Amino acid sequence: MLSHICILLQLRESNATFTNMKIHNFSSGPAILPAEVMRQAAEACIDFNGIGLSILEISHRSKEFLAVLSEAEALIREILGISDEYGVLFLSGGGSSQFYMTAMNLLGSNEKAAFVDTGVWSSNAIKEAKAFGQVEVIASSKDKNYTYIPKGFEVPKDAKYLHITSNNTIRGTQYHRYPETTIPIVSDASSDIFSRPLDISKFGLIYASAQKNVGPAGVTLVIVKKELLGKANRHIPTMLDYRVQIEKESSFNTPPVFPIYVSMLNLRWVKAQGGLSAMAKKNAQKAALMYAAIDRNPLFMNPVEKEDRSIMNAVFRLKDESLEAPFLKLCAQAGCSGVKGHRSVGGFRASMYNAMDLESVQVLASVMDEFAQQYG
Ligand SMILES: *Cc1c(COP(=O)(O)O)cnc(C)c1O
């Protein structure tokens, strides 16, 4: 069984599948992970660290798993430079549960939170926060179909926090400078955490569902400044109370053992690659290549304001939508998978998370060039 899996994984790592073609995974999430991480994860499903048991069948209170949990937390603290002022949590419920958990924990019913609306995910966060306190949308890019990041707005000083979506996975926009404010920033960094260095001290809370740039689906990372907690003056259900989760080290109940393990393996990989400055360099190269391919191509366009383009998710569309099917066919023939845009906006999207190599972006860029030759 194990040798079987190893052969399959070797095939994958040698860039071969049964059709002898490497698949370039542009999926927006759940998304690409390094091949060596998946090999280690697969092996741990059979025999974890040589203990004769699978990672899937050991107690979350076993010393083996406690070592995983503490290494995962230590890696996050080291890679992002997080001080003891912050708790680091591994929770369930996805990024979407953080839309209400943040407000439930940080916002009193008579208090105000400020939001910037940059698309679906921030709109969802705004909607959920309204159940817990006052919500003021202080800036929005809805007027131009969410194709830019609002700037130059005043942040009200009496708000408890400012909520932003760091990278808009669906629209392909990203903050390249965070808003200037003295109030804590709460950031949904689901699709760009660990993609570049971050000054944690600007943030009161950062949350990220793992399945974009951290690990598999099933765990959500929360980094929260402890001094902000316990002030919202309401009953918070135990499972949803960040203070309990900090005190119980994410193990008030059974945490998502396997997603945490795979995330830990991926964070080891990030560190071994040179950490966030190395990630940022590689991600910038990939993004530059991708946007150059869109911009030089007369058939394609990217609607986003240039300075706000995301280094993680490049969205693009064909000026002539009737050409979408033949383009997707050419992508599939070249092994480019997952380039279809989000169902709410259509078009295409190339997600280029940490584990993606430059070579994969080169392949997609050549497909676009070839397509322009055929149909231009
Ligand atoms: C994917 C995503 C979410 C939703 O995450 P779930 O884990 O599916 O709830 C939230 N915010 C952003 C920015 C995302 O990209």
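Up top is the structure.
Throughout what follows, the structure given in this document is the object of discussion.

**Some thoughts on helix 10 (residues 358–375)**
Inference 1: Its 18 residues give helix 10 an end-to-end C-alpha distance of 26 Å, which sits within 8% of 26 Å, the value for a rise of 1.5 Å per residue.
Inference 2: Regarding helix 10, the residues found buried are S360, V361, L364, A365, V367, M368, F371 and A372. Buried residues along helix 10 cover an arc of 150° about the axis, so they all sit on one side.

**Some remarks on the packing of helix 3 (residues 63–80) against helix 7 (residues 257–272)**
Inference 1: Remark: helix 3 packs on helix 7, axes separated minimally by 9 Å, with the N-to-C direction vectors making an angle of 40°. One element, helix 3, and the other, helix 7, form an angle in the oblique class. By crossing handedness, the relation of helix 3 to helix 7 is classed as left-handed. Only V257, I260, Y261, M264, L267, R268, V270 and K271 of helix 7 make contact with helix 3, whose side of the interface consists of F65, V68, L69, E71, A72, L75, I76, E78 and I79.
Inference 2: Among the residues making up the contact of helix 3 with helix 7, the classes are represented as 13 nonpolar, no polar and four charged.

**Side note on the pairing of strand 14 (residues 348–351)**
Inference 1: Neither face of strand 14 is left uncovered, since the one carrying F348 and A350 and the one carrying R349 and S351 both have all their residues buried.
Inference 2: Here strand 12 (residues 313–318) pairs with strand 14 via four bridges, running antiparallel. Following the sheet pairing, F316 is matched in strand 14 by F348.

**A look at the pairing of strand 2 (residues 86–91)**
Regular strands place their side chains on alternate faces of the sheet.
Inference 1: Taken across its six residues, strand 2 has six buried, putting it largely inside the fold.
Inference 2: Burial along strand 2 is two-sided: Y86, V88 and F90 and G87, L89 and L91, pointing in opposite directions, are all buried.
Inference 3: Where strand 2 meets strand 10 (residues 220–225), six bridges bridge the pair, whose relative direction is antiparallel. Counterpart to G87 in the pairing with strand 10 is V224.

**Here we look at the site of the ligand**
Inference 1: In the vicinity of the ligand there are 14 residues, among which S96, T169, D188, Q211 and K212 approach most closely.
Inference 2: A distance of 2.6 Å separates an oxygen atom of the ligand from a polar side-chain atom of S96.
Inference 3: Residue T169 places a side-chain N or O atom 2.4 Å away from an oxygen atom belonging to the ligand.
Inference 4: Per element, the largest residue contribution to the shell around the ligand is four residues, and it comes from helix 4 (residues 94–106).
Inference 5: Residue composition of the shell around the ligand, grouped by class: two nonpolar, ten polar and two charged.

**Some words on the pattern of salt bridges**
Inference 1: Overall, the coordinates contain 15 salt bridges when judged by the stated rule.
Inference 2: Note that K63 is salt-bridged to E64, the shortest N-O span being 3.3 Å.
Inference 3: You can call K63 exposed: its relative accessible area is 66%.
Inference 4: Note on E64: relative accessible area 23%, which makes it partly exposed.
Inference 5: Salt bridges sharing partners connect three or more residues here, namely K112, E136 and D158.

**Observations concerning the nonpolar core**
Inference 1: In terms of nonpolar packing, the biggest core is built from 57 residues, with I76, L80, I193, F194 and I223 touching the most fellow members.
Inference 2: At nine residues, the largest contribution of residues to this core is made by helix 7.
Inference 3: If sequence neighbours within four positions are ignored, L80 has contacts with I193, F194, L198, I200, I223 and L276.
Inference 4: Counting 34 residues, the second-largest nonpolar core is a separate cluster that includes A293, I311, F316 and A365.

**Comments concerning the packing of aromatic side chains**
Each aromatic ring pair is characterised by the separation of its centres together with the angle its planes make.
Inference 1: Per the stated rule, a full pass over the model turns up 14 aromatic pairs.
Inference 2: Ring plane angle 40° and centroid distance 6.5 Å describe the contact between F99 and W121, whose orientation is recorded as tilted. Taken together, the residues F99 in helix 4 and W121 in helix 5 (residues 120–129) connect sequence positions 22 residues apart.

What counts, and where the lines are drawn
- Residues numbered from 1 in each chain as written.
- Predicted model: local features only at pLDDT ≥ 70, side-chain atom pairs only at ≥ 80, totals over all residues.
- Heavy atoms only, no water.
- Helix = DSSP H or I, 4+ residues; strand = E, 2+ residues; numbered from the N terminus.
- Expected span 1.5 Å × (residues − 1).
- Buried < 20%, exposed > 50% of the residue type's maximum accessible area, 1.4 Å probe, protein only.
- Arc of directions from axis to C-beta.
- Axes fitted to C-alpha atoms, helices over the stretch in contact; angles between N-to-C directions.
- Parallel < 35°, antiparallel > 145°, perpendicular 65-115°, else oblique.
- Left-handed = near helix turned anticlockwise from the far one by under 90°.
- Contact = heavy atoms within 4.5 Å.
- Nonpolar A, V, L, I, M, F, W, Y, C, P; charged D, E, K, R; others polar.
- Pairing = 2+ DSSP bridges.
- Near = heavy atom within 4 Å.
- Polar contact = N/O pair within 3.5 Å; in protein donor to acceptor, adjacent residues only side chain to side chain.
- Salt bridge = Lys/Arg side-chain N within 4 Å of Asp/Glu carboxyl O.
- Core = buried A, V, L, I, M, F, W, Y, C linked by side-chain atoms within 4.5 Å.
- Phe/Tyr/Trp six-rings, centres within 6.5 Å; stacked < 30°, edge-to-face > 60°.

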